[in-house]
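# Observations on chain architecture
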Amino acid sequence: MKLNTKHFGEIDIDEKGIIEFDEGIPGFETAKKYVLLGTEDKESPFGWLQSVDMPELAFAIVNPFAIKADYDIEIKDEVMNKLGIKKAEEMLVYSIVVVPEDMTKMSMNLKAPVIINTSNKKGAQVVLDTDTYAVRHYILDELNRQRKDI
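Conventions used here
Residues numbered from 1 in each chain as written. Predicted model: local features only at pLDDT ≥ 70, side-chain atom pairs only at ≥ 80, totals over all residues. Heavy atoms only, no water. 1 Å grid on protein atoms, 1.4 Å probe; cavity = no way out; pocket = protein on both sides within 12 Å on 5 of 7 lines; lining within 4 Å. Points joined across faces, edges and corners; volume = space filled by probe spheres on them. Helix = DSSP H or I, 4+ residues; strand = E, 2+ residues; numbered from the N terminus. Phe/Tyr/Trp six-rings, centres within 6.5 Å; stacked < 30°, edge-to-face > 60°. Buried < 20%, exposed > 50% of the residue type's maximum accessible area, 1.4 Å probe, protein only.

## Description of empty space enclosed by the protein
- By the definition in use, this model includes one cavity of 30 Å³ or more.
- The computed volume of the largest cavity comes to approximately 50 Å³.
- Taken together, Glu20, Phe21, Asp22, Glu23, Gly24, Lys82, Leu83, Lys122, Gly123 and Ala124 form the lining of the largest cavity.
- Mapped by element, the contributors of at least two residues to the lining of the largest cavity are α2 (77-83) and β10 (122-125).

In structure tokens:
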């Protein structure tokens, strides 16, 4: 299937890779179908969550565990059941990234990760029931903290 995107031009997507977000992403509830782009690159923890319904919409995403090794989340059983996740191996976790003009202020949303079931291609952005993590966790600050700990 061809998709004419704002950020990547015309791309070919495999319809089998379309992830269904029944409730959309908060603020973008009408966009329910997405594909992952660039997430198979082992050299980079970053990728894109590209909307199929709204080709002008794409979210920069990151594997939060690659940036914050001690990121530890608990997903409620209700969410796991809704997404049909039976075991951890079929679950992908991403954080939406905000890239402002000042790149040193690039942040990831650890409070509301994107959870994807790789088996049935269901996804949701889930707000965690904890105050441990912030909506804006500064990526460069975290990487600098880790370098100091080494």
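## What to know about the packing of aromatic side chains
- Within the structure shown, the criterion is met by six aromatic pairs.
- Ring plane angle 40° and centroid distance 6.3 Å describe the contact between tyrosine 34 and phenylalanine 59, whose orientation is recorded as tilted. Note that tyrosine 34 is positioned in strand β4 (residues 33-37) and phenylalanine 59 in strand β6 (residues 58-62), a separation of 25 residues in sequence.
- Judged by relative accessible area, which is 0%, tyrosine 34 ranks as buried.
- With a relative accessible area of 10%, phenylalanine 59 lands in the buried category.
- Ring centres of tyrosine 71 and tyrosine 133 lie 4.8 Å apart, and the angle between their planes is 70°; on these two criteria the pair is classed as edge-to-face. Here tyrosine 71 is found in the loop between α1 (64-67) and α2, whereas its partner tyrosine 133 is found in the loop between β10 and β11 (137-138), with 62 residues between them in sequence.
- The structure contains a cluster of three or more aromatic residues connected by ring pairs, namely Phe21, Phe28, Tyr34 and Phe59.

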